[in-house]
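# Structure at a glance
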Amino acid sequence: LSVGWPRRCAISGHDDWTLQLWDLHEQGGGPLRRLHGHTDWVLCVEANWDSGYALSGSVDGTLVLWDTITGSQVRELQGHAEGVRSVSVDWKKHLALTASTDFTLRLWNIDCGETLREFHGHVGPVLWVVVDWDLNYALSGGTDTSLRLWSLEDGGTASREFMGHTHFVRCVQLSCM
């Protein structure tokens, strides 16, 4: 789910393999538009309401870049061997970082759809990732019960591992205190 509060609109991913655009002004109304393109459940989406683009990830292992104004698919990004569980996007730098059940994170150039870097270290599916794009750090969590801190510039391996959870890490948030 990604919400554009100033515009009062939202986009949501569903297990019917679609995304749906919503007008939050409409009380009890249906979706404005359905976006079709994934071949399995849609697990994550992030939108840039100023540009009219959204990036979604699915159990099918793909990311899809959407034009939310026309409802058309701009580009499909392929590379993960399994589902994409979480995505964080820097729309100004045209970069995205994804977390996948294939135990990896991937840094993408969303303009051309190429993987710039693959990150290894989790020993189970990665369920969530959050990025501080200004500092070029990411924090991920997954079924291996760990949090891992990554430098997006150093490549491949986690700079720190944090243990202590006894069950899956399903979400994380990053803040410099």
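Residues numbered from 1 in each chain as written. Predicted model: local features only at pLDDT ≥ 70, side-chain atom pairs only at ≥ 80, totals over all residues. Heavy atoms only, no water.

### What to know about the side chain of Ser140
Short version of the rule: Elements are defined by DSSP. Helices are runs of H or I of four residues or more, strands are runs of E of two residues or more, and each kind is numbered from the N terminus. N or O atoms closer than or at 3.5 Å make up a polar contact, with two conditions inside protein: a donor-capable atom paired with an acceptor-capable one, and, for residues adjacent in sequence, both atoms drawn from side chains.
Within the secondary structure, Ser140 sits in strand S14 (residues 137–142). Here the side chain of Ser140 touches His122 through a polar contact of 2.7 Å, side chain to side chain.

### Points about the sheet that holds strand S9 (residues 84–90)
Applied cut-off: Criterion used throughout: strands pair if DSSP finds at least two bridges between them. Orientation is described by axes fitted as lines to C-alpha atoms, over the contacting stretch for helices, and by angles from 0 to 180 degrees between their N-to-C directions.
Here we have four strands laid out as an open sheet, ordered S9-S10-S11-S12, and antiparallel in their pairing. Each edge of the open sheet is held by one strand with a lone partner, namely S9 and strand S12 (114–119). If you compare each strand with its neighbour and ignore which way they point, the axes differ by 20 degrees on average.

### As for the sheet that holds strand S5 (residues 42–48)
Strand-to-strand pairing in sheets goes through backbone hydrogen bonds, with the strands running parallel or antiparallel. Read from one edge of the open sheet, four strands run S5-S6-S7-S8, paired in antiparallel fashion. At either end of the open sheet lies a strand with only one pairing partner, and these are S5 and strand S8 (72–77). Averaged over neighbouring strand pairs, the angle between their axes works out to 20 degrees when direction is ignored.

### Structural notes on the environment of Ile69
How we decide: Contacts were defined at the residue level, with two residues in contact if any of their heavy atoms lie within 4.5 Å.
Locating Ile69 in the fold gives a position in the loop between strand S7 (63–67) and S8. Each C-alpha atom, one on Ile69 and one on Gly52, is 5.9 Å from the other, the two residues being 17 residues apart in sequence. Discounting chain neighbours no more than four positions away, the residues touching Ile69 are Arg33 and Gly52.

### Quick word on the packing of aromatic side chains
Heads up, the rule is: The aromatic pairing rule takes the rings of Phe, Tyr and Trp, using the six-membered ring of Trp, and pairs them if the centres are within 6.5 Å, calling planes under 30 degrees apart stacked, those over 60 edge-to-face and the rest tilted. Summary of the burial criterion: residues with accessible area below 20% of their type's maximum are buried, those above 50% are exposed, and those between are partly exposed, where the area comes from a 1.4 Å probe applied to protein chains only.
Per the counting criterion, the structure on display carries one aromatic pair. When the centroid spacing of 5.6 Å and the interplanar angle of 70 degrees are considered together, the rings of Phe119 and Trp150 count as edge-to-face. Of the two residues, Phe119 is situated in strand S12 and Trp150 in strand S15 (residues 147–151); the sequence distance between them amounts to 31 residues. A relative accessible area of 1% means that Phe119 is categorised as buried.

### Overview of a nonpolar patch on the surface
What counts is decided by this rule: Two joining distances apply to patches: 9 Å for like charges and 5 Å for nonpolar side chains (Val, Leu, Ile, Met, Phe, Trp, Tyr), and every residue must have over 30% relative accessible area and no salt bridge. Accessible surface is estimated by sampling points in the Shrake-Rupley manner with a 1.4 Å probe; for residues, cover comes only from the protein chains shown. A carboxyl oxygen of Asp or Glu within 4 Å of a side-chain nitrogen of Lys or Arg is what we treat as a salt bridge.
Judged by side-chain polarity, Trp17, Trp41, Leu43 and Val59 come together as a nonpolar surface patch covering roughly 360 Å² of accessible area. Assignment of secondary structure puts Trp17 in the loop between strand S2 (9–13) and strand S3 (18–23).

### Here we look at unusual backbone geometry
Even without being glycine, Trp17 reaches a positive phi, approximately 75 degrees. Accessibility expressed as a relative area gives 39% for Trp17, which makes it partly exposed.

This is a description of form; function is not addressed.
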